[in-house]
Amino acid sequence: MTPDRRSRSFLDPQVLSRLAAVPLLSRRPMQGNVSGRHQSPHRGASVEFAEYRKYVPGDDLRRLDWRAYGRSDRFYVKEFEADTNLRCCLVVDTSGSMDFGSTGVTKLEYARKLAGAIAYLAVQQGDAVGVSCVAKGIVKHLPPKRNPAHLMTAFDILEQAQPQDETHLASVLHELAETIRQRALIIVLSDFFIEPAELRSCFQHLRFRKHDVVTFHLLDPQELAFTFKRPMRFIDMEGGPAVFAEPNEIADRYHKALQKYLTDFKQVVLESAIDYHRISIDENYEQVLMRFLVGRT
Amino acid sequence: MSFLQPLLLAALPLIALPILIHLINQRRYQTIRWAAMMFILAANRMSRGYAKLRQWLILLFRTLAIAGLIFAVARPLASGWLGLTAGGKADTTIIIFDRSPSMRQQSPGTVNSKLETGRQQLVRALSMFGSTRWILIENTTNQPRELESPDALTKLSVTEPSSASADVPTMLQAARDYIEANKSGRTEIWICSDIRQNDWNAESGRWATLRDSFLEFNQGVRFHLLAYPDLAANNVAVRVTDVRRLQTSDSAELLVSLQLTREGVVDEEKQGIPLSFEIEGARSEFTVEMTGSKFDLKDHRLPLERTHERGWAKVSIPADSNAADNEFYFVFDKPTPRVAAIVTDEPQAARPLQLAAQISPDPHQRSSAEILTRDQLPQIDWETLSLLMWQGPLPDADTAKLVQEFVDRGGQVMFFPPRVVSSDDFLGVKWGDWSEKSDGVPIETWRPDQDLLANTQSGAALPVGQLQVRNFCTIEGETTPIASLKGGTPLLARVTTNRGGVYFCGTTVGAGDSSIATDGVVLYVMVQRALNSGAAMLGNARQLMVGDVGHDQAVSWQKLAGPPEALSTEYAFQGGVYQADAKLVALNRTVAEDQAPVLDDVRLTELFKGLDFARVDDQAGNLSALIQEIWRVFLGLMMLALILEAALCLPRITPNPTHSTMSAVAVGFNDNTVGSEAADRPASTSKA
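Residues numbered from 1 in each chain as written. Chains lettered and ligands numbered in written order. Predicted model: local features only at pLDDT ≥ 70, side-chain atom pairs only at ≥ 80, totals over all residues.

Along the backbone of chain A there are nine helices and ten strands. Each of the 297 residues in chain A was classed as buried or not, and the buried ones make up 44%. For chain A, restricting intrachain contacts to residue pairs at least 6 apart in sequence, the fraction spanning at least 24 positions comes to 77%. (Helix = DSSP H or I, 4+ residues; strand = E, 2+ residues; numbered from the N terminus. Buried ≥ 20, exposed ≤ 12 C-beta atoms within 10 Å, placed from the backbone. Contact = placed C-beta atoms within 7 Å.)

Below is the structure:
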């Protein structure tokens, strides 16, 4: 694998080198086309013993376990786990709301860092990586491939992604669930500013398609704290109507609504059995990724 | 509500300040591009009603706080009886102060009298108001007197109790004259009175004139009445009705007749009242049992030294709710010869008058009557004369002057009509034409309560109605009728004078003209009463009422008994015994003061109809001020509004939302395997 020679603003080689020590693993069997580090649903030729199976005519006689025959006078075939590679699909929300950032970095920039690092780690360990930038629809889509040149293309797409339009994440995820036919690790990076109930069906759809789904819920500290002193005119970054509000007046109710949303969202991901990471974007992304990777080992 | 600084109420529009600030603040908003709009929209939807209400309440409390401050600095008054004092302080404030004896009444359980309470209330109330000039008109002199400040009311002797009755119309007239003469600006007239009918004289025609004249003032005159209408619960008044010195062969005694009147009698229970007599320092006591509202003691005998021919005395009763009517002064002397003169051109016809005058009802009392012609007038000793009866043309020129002087000294004059009527008049009254009624006309109405035809002491009426008048002469001029014929023609009338009595009788005592002489009881009583009055006025021991003597006359008197605090300038208005040259004068309150009803509310309102008038009723001994500044209440309300506003503005005491939300984030980090490990991760797939 050829290391990236071009300078990417969202990639830090030192961080990548530190993260490379931890493998990116899937929690579900993957159906790769080459040998890899991930569990496959099929039996293969790895060193990992799987099970004994009765011999049936047509089986390769070389796979007969003669010792078992000697002990039991019956023919058994010894089977081993198959290892395959991983298809990693990075779904990056590029809607208008991802352009918000009060700490000097926007949510999209943060998502770009996470996605770039994951893509690099995946390709480095021989897995295929694809990128989908979504907003109102699928803005850009790069199917998963495992060669280094493809990684450059993925980086380019991430670099060129611009926040725009409103979020139709639910419909987009449904569409991706249908598009990505083979089992894959689907990592969604978004602020998820839609009703959690709407996401339940699309998460279940992805799970139904045997995908391993990971969500990175990106939130800005100011969105969480909501500490404004003066009257504010809030302009919707996704083109909705502007709202005039006295922050002191609505802060309580804002926090109440936010808390309810977070609780509901957590409930949805629990029910959908998907991997969920809520992240404040003022946090070091290396630690976030390390936690993510370690958590999957 | 009244305000001491009403002009400051002009700042009331400032209550809109919070609204303006709110609007300005809304214009000072900051714009931000925001991602998490769904929570702001949700927050706006949640509890919108309460949030709106809270905002309105905050605005309301801020507005109330400013309103409270403005009202507080405008110095509001608790009582509304003064009416609105918009327009600032008055140019002139006139205080009409009733210091009549009835104002000394006290309420049960209190020390201060109506007069003292009213004075203090006035000082407290007026001190709050500004005025360029303060004028006092009290009921003795009825003259305006300028005060330095309302505090002077408590320092001046002219606001101390007096024995003089009040004449409120006269005092108001003085106020009106003052306003007119000094061209006062906006004027406030404060009246402090117990609104007794005798003081207010509500039936007087002067009220209508006064009302009209006050209404004519363009500058605006406002009336405030501080009334003390409560009557005493059980107040007894003592009054001496007759005093005679009786000389026997070896001793002398004083025959005193007196009357007790009681106010507020609720039952007919007997009440023992000890009478204390003091004859020039020598005291004696006598208890009478009183039932009902009136009691008469007739000829109570008080022993005297035989040589004690002349002196003064006092009768008093124990203290009750009104100290002013608990004592009565009287003087005595050897009986003064009652001298009457009858001036007539028909001596024979005047014989009944002579008989009525010279027959004394008391054998120890010498009476004489002389018939004279007009030419013999110079022979009259005017100094000893008590009664002058005049039948003939009215006196003219010098004669009239002599008669006038006699009247001014207190003498009594009775005029009878001449056969031939002339156009001459006396004190503005003259004879009209003769009328003849051959069948005789009875006397239909007369005054049984006072004057010559009053009922006897036992209450029996005189047989005036039995008299028949065949020829009578009309009386022209301003008089007060005492008796009127059927049909309303006055037969006996009194002319208003300063001292003596002047009567006009519309018929003669001749048998052809009337039955006055033939039914001689009425004539005899009339003449004897007139003689009595004249002798009392002209004798050396005079029994006078306050008001009978002018202020100037009394200045030179020497006080023998009476209130110790009375000043010599006040002698004419303070009950007591005084030495005036060779004469002894006993001065007492008027009869009306003993039992005068209070003016009813409706009548009182009618008196001020059309005028700017406010009234408040107070009680003697009331310690609380009539008006109180209540700015503290408004300041308290302002502070309460500010506290409530602050409480509404305070954020709710809940766990720090930032902290809680961030905690949720932290939980998210720790729980990052949620959904995969807990629910979905098969143990067999672990590669760890």
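Regarding its fold elements, chain B presents 14 helices and 30 strands. Burial statistics for chain B: of 688 residues in total, 38% are counted as buried.

Okay, the nonpolar core next. Residues Cys 88, Leu 90, Leu 114, Ile 118 and Ile 187 of chain A are the most contacted members of the largest nonpolar core, which totals 88 residues. Broken down by element, the residue count for this core peaks at twelve residues, all from helix H3 (residues 107-124) of chain A. Core analysis: the second largest hydrophobic core is formed by 62 residues, Ala 341, Leu 385, Ile 475 and Val 502 of chain B among them. (Core = buried A, V, L, I, M, F, W, Y, C linked by C-beta atoms within 7 Å.)

Turning next to the confidence of the model for chain B. Residue and element names in this part refer to chain B. For chain B, the average pLDDT comes to 84, and 91% of its residues sit at 70 or higher. The least confident element of chain B, judged by mean pLDDT, is helix H14 (residues 657-670) at 42; the most confident is helix H5 (residues 168-182) at 93. Overall, residues 80-87 carries pLDDT values under 50, and its contacts beyond four positions in sequence, including any with other chains, amount to 21 contacts. Here residues 657-688 is modelled with pLDDT under 50, and outside its nearest four sequence neighbours on either side it reaches 54 contacts, counting other chains as well. In the predicted complex, the global pTM is 0.56; the interface-specific ipTM is 0.82. (pLDDT = per-residue confidence, 0-100.)

Time to look at the sheet that holds strand E5 (residues 138-145) of chain A. Residues and elements named next belong to chain A. One open sheet accounts for six strands, arranged E5-E4-E3-E6-E7-E10; its pairing is mixed. Because the sheet does not close on itself, it has two edges, and the strands there are E5 and strand E10 (275-280). For this sheet the average axis-to-axis angle between neighbouring strands, irrespective of direction, equals 15°. Against the sheet, helix H4 (residues 148-160) makes contact with strand E3 (87-93), strand E4 (128-134) and E5, and its axis sits at roughly 20° relative to E4, the strand it touches most. (Pairing = 2+ DSSP bridges. Axes fitted to C-alpha atoms, helices over the stretch in contact; angles between N-to-C directions.)

Another point: the sheet that holds strand E29 (residues 583-588) of chain B. All names here are of chain B. Ordered by their spatial adjacency, four strands build an open sheet running E26-E29-E28-E27, and the pairing between neighbours is mixed. At either margin of the open sheet sits one strand with a lone partner, and together these are strand E26 (541-545) and strand E27 (558-561). Neighbour to neighbour, the strand axes of the sheet diverge by 30° on average, direction disregarded. By the bridge criterion, five bridges tie E26 to E29 in an arrangement that is parallel. When the sheet's bridge partners are listed, Leu 544 is paired in E29 with Leu 587.

This brings us to the environment of Arg 133 of chain B. All names here are of chain B. With respect to the helices and strands, the residue Arg 133 is situated in strand E5 (residues 131-138). Take Arg 133: there are 17 C-beta atoms within 10 Å of it, and that puts it in the partly exposed class. Separated by 14 residues in the primary sequence, Arg 133 and Leu 147 have C-alpha atoms spaced 7.5 Å apart. Here Arg 133 is in contact with Thr 92 and Glu 146, once residues within four sequence places are set aside.

Further remarks concern H4 of chain A. Three- or four-residue spacings in an α-helix give side chains the same orientation, since the helix completes a turn every 3.6 residues. Residue and element names in this part refer to chain A. Taking 1.5 Å per residue, 13 residues should reach 18 Å; H4 reaches 19 Å between its end C-alpha atoms and fits that length. Among the residues of H4, those classed as buried are Leu 151, Ala 154, Phe 155, Ile 157 and Leu 158. The arc that holds every buried residue of H4, seen down its axis, measures 160°, which confines them to one face. Of the residues in H4, the exposed ones pointing more than 90 degrees away from the buried face are Ala 149 and Gln 160. Where H4 is buried, its residues meet E3, H3, E4 and E5. (Expected span 1.5 Å × (residues − 1). Arc of directions from axis to C-beta.)

Let us look at H5 of chain B. Residues and elements named next belong to chain B. Taking 1.5 Å of rise per residue, the 15 residues of H5 would be expected to cover 21 Å, and the 21 Å separating its terminal C-alpha atoms lies within 8% of that figure. Turning to H5, the residues buried within the fold contact strand E4 (90-97), E5, strand E7 (187-193), helix H6 (197-200), helix H7 (206-216) and strand E8 (221-227). Among the residues trailing H5, Lys 183 stands out with phi positive, at a value near 50°.

Moving on, we get to the environment of Phe 193 of chain A. Structurally, the position occupied by Phe 193 of chain A is in the loop between strand E6 (185-190) and helix H6 (196-208). C-alpha of Phe 193 of chain A to C-alpha of Leu 219 of chain A: the two residues are 26 residues apart in sequence and 9.7 Å apart in space. Among residues more than four places away in sequence, those in contact with Phe 193 of chain A are Ser 97 and Thr 167 of chain A together with Ala 35, Ala 36 and Met 38 of chain B.

Attention now moves to the packing of helix H8 (residues 351-358) of chain B against helix H10 (residues 520-538) of chain B. Between two packed helices, both the angle of their axes relative to each other and the distance between the axes serve to describe the pair. Residue and element names in this part refer to chain B. Running from N to C, H8 and H10 point in directions that differ by 60°, and their axes come no closer than 8 Å. In terms of their interaxial angle, H8 and H10 are classed as oblique. In the packing of H8 onto H10, the handedness of the crossing is right-handed. Seen from H8, the contacting residues are Pro 352, Leu 353, Ala 356 and Ala 357; seen from H10, they are Gly 520, Leu 523, Tyr 524, Val 527 and Leu 531. (Parallel < 35°, antiparallel > 145°, perpendicular 65-115°, else oblique. Left-handed = near helix turned anticlockwise from the far one by under 90°.)

Quick look at unusual backbone geometry now. A positive phi angle, close to 50°, is found at Phe 226 of chain A, a residue other than glycine. Residue position: Phe 226 of chain A is located in the loop between helix H7 (221-225) and strand E8 (232-236). For Phe 226 of chain A, a count of 22 C-beta atoms within 10 Å puts it in the buried group. Non-glycine residue Ala 397 of chain B carries a positive phi angle of around 50°. Along the polypeptide, Ala 397 of chain B turns up in helix H9 (residues 397-408).

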